[in-house]
Amino acid sequence: MRVWYNQGYSQTRDALLLIRAADPGVTLIASDSRPGAPVLEAADIAIVEPKIARDTPEGVADYVQFCLDFAREQRVDVFIAQRARAALAAARDDFARAGTKLLVAADAATLATIENKGDFYAACAAAGLPTPAFHRVRDVAGFDAALADLAAAGHNACVKPPYGVFGSGYFRLETAARLFPLLQRIDDRVLPVATMRTAIAEMGNEMPELLVMQHLPGPESSIDAVCDSGRMVAATVRTKQGNHQIITGEGPAFDLAARLVSAFGLSNLVNIQVKQAACGTPHVLEINPRMSGGCGWANLAGVNLPWLQLLAATGGLPEVLPRARETRIAVTSTAVLLPAEAENA
């Protein structure tokens, strides 16, 4: 079997190593636009993707065409799409005609909903899923009204943009906080309400949409799940506890993730984030329609998720699926030796 991962995040290298450990006979292909990307060193076949700008419809179409051509040339059996997912999902039939099974989490329309957090929260609320209270804001008047509404309901507030990864743009808001002390601990992601209000006013008509939301104070859990047309096939739950994390295979966060998978008809390997409200009930945070940075850590709890994703896609799942044993882990960083030609990449 020939399996291709296009450019993604750093965890792609971990996925390749986990698949190789499960079956050394799989030919692993990786592509990345950065010549020094560590994933290229881990692949059986590595290619540097052409520099194609994907910020225009023409550029997106060119990238999809590159992927189709490459899949044909390399006789790819399974293509695990990580960038340009929605555009590639729209071309699923073209890949099928080329003999390649394209793996994405959902169709193009569902991906568009998931990746816009405002649309996503609205869809979750409509489906009856526990969703934080939220407002879509573009000006100071909307910001003030949103804060008043949240306060009337007894909620503290936070803000985040509708698009973004790694928590970019997220801040918890505090009414009485002073800016200077907060800047000394900027990693806490807290800002005074007055500072955010000034920032919105400065943008004027250029202000993009901002979500003003109920802050969820409880523990956050990350669920990595292999799915098949709305059914959760295998999943693990990771919850931070101080300087370590606990991996389990059950619980309220697990159950909420299964409801989300069903509501959005998800397939393949996805990541779901949930967080407890003050009442103790987990609420929806987001769906990442791709594997997460910590996806590979589930292997320490007995669940090789990238390998199970491949088995699910090719009809090779075992009758008895592994279930995560409760495991406590700590995360460390390691270095990867790159070839000399990647020195200036």
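Heads up: the structure comes first, above all this text.
Anyway, here's the lowdown on the structure attached to this text. Quick caveat: nothing in here was measured; it's all calculated off a predicted structure.

1. Side note on the packing of aromatic side chains
Going through the model one piece at a time under the given rule, you end up with 9 aromatic pairs. Taking 6.4 Å as the distance between ring centres and 85° as the angle between the ring planes, the aromatic pair formed by W4 and F66 counts as edge-to-face. Note that W4 is positioned in strand β1 (residues 2-5) and F66 in helix α3 (residues 57-73), a separation of 62 residues in sequence. Judged by centre distance (5.8 Å) and plane angle (40°), the ring pair of F120 and Y121 falls under tilted. Since its relative accessible area comes to 0%, Y121 is described here as buried. Cluster of aromatic residues (ring-pair linked, three or more members): W4, Y63, F66, F70, F79 and F95. The ring of Y63 carries R83 above its face, with NZ or CZ at 5.1 Å from the centroid. Of note, R323 hangs over the ring of F254, and the distance from its end group to the ring centre comes to 5.6 Å.

2. Considerations on the pairing of strand β10 (residues 210-214)
With 5 of its 5 residues buried, β10 lies for the most part within the structure. Note that strand β6 (residues 134-137) and β10 share 4 bridges and pair antiparallel. Its bridge partner lying in β10, V137 is registered against L210. As paired strands, strand β7 (residues 157-160) and β10 are joined by 4 bridges and run antiparallel to one another. Looking across to β10, one finds that C158 is bridged to M213.

3. Structural notes on the environment of N271
In this fold, N271 is placed in strand β14 (residues 268-276). Classification of N271 by relative accessible area gives buried; the value is 1%. Each C-alpha atom of the pair N271 and E286 lies 8.4 Å from the other, and the pair is 15 residues apart in sequence. At 2.7 Å, the side chain of N271 forms a polar contact with the side chain of S222.

4. Considering the packing of helix α1 (residues 11-22) against helix α12 (residues 305-313)
Contact pair α1 / α12: the axes reach a minimum separation of 8 Å and the direction vectors enclose 70°. One finds that α1 runs roughly perpendicular with respect to α12. The crossing of α1 and α12 is right-handed. Where α1 approaches α12, its residues A15, L18, I19 and A22 are matched on the opposing element by P306, W307 and L310. For the contact of α1 with α12, a count of residues per class yields 7 nonpolar, no polar and no charged.

5. Comments concerning helix α8 (residues 140-152)
Under the 1.5 Å per step criterion, the end-to-end length of α8 is 18 Å for 13 residues, consistent within 8% with the ideal 18 Å. Where α8 is buried, its residues contact β6, β7, β8 (171-174), α10 (193-203) and β10. The positive-phi residue at the C-terminal boundary of α8 is G154, with phi of around 85°.

6. What to know about the sheet that holds strand β12 (residues 231-241)
In spatial order, the strands read β15-β14-β11-β12-β13-β16; together these 6 strands make up an open sheet with antiparallel pairing. With one partner strand each, in any of the chains shown, β15 (282-288) and β16 (327-329) form the two edges of the open sheet. Neighbour-to-neighbour, the strand axes of this sheet turn through a mean angle of 25°, independent of strand direction. Where β14 and β15 come together, 6 bridges link them in antiparallel fashion. The partner of I272 across the bridge, within β15, is I287.

7. Some points on α10
It helps to recall that an α-helix has 3.6 residues per turn; residues three or four apart then point in one direction. Buried within α10 we find V193, M196 and I200. Each buried residue of α10 sits inside an arc of 70° when the element is viewed along its axis, so together they form one side. Exposed side chains of α10 directed beyond 90 degrees from the buried face belong to A194 and E202. Of the surrounding elements, those touching the buried residues of α10 are α8, β7, β8, β9 (190-192) and β10. Two residues or fewer after α10 comes G204, characterised by a positive phi angle close to 55°.

Rules and cut-offs
- Residues numbered from 1 in each chain as written.
- Predicted model: local features only at pLDDT ≥ 70, side-chain atom pairs only at ≥ 80, totals over all residues.
- Heavy atoms only, no water.
- Phe/Tyr/Trp six-rings, centres within 6.5 Å; stacked < 30°, edge-to-face > 60°.
- Helix = DSSP H or I, 4+ residues; strand = E, 2+ residues; numbered from the N terminus.
- Buried < 20%, exposed > 50% of the residue type's maximum accessible area, 1.4 Å probe, protein only.
- Lys NZ or Arg CZ within 6 Å of the ring centre and 35° of its normal.
- Pairing = 2+ DSSP bridges.
- Polar contact = N/O pair within 3.5 Å; in protein donor to acceptor, adjacent residues only side chain to side chain.
- Axes fitted to C-alpha atoms, helices over the stretch in contact; angles between N-to-C directions.
- Parallel < 35°, antiparallel > 145°, perpendicular 65-115°, else oblique.
- Left-handed = near helix turned anticlockwise from the far one by under 90°.
- Contact = heavy atoms within 4.5 Å.
- Nonpolar A, V, L, I, M, F, W, Y, C, P; charged D, E, K, R; others polar.
- Expected span 1.5 Å × (residues − 1).
- Arc of directions from axis to C-beta.

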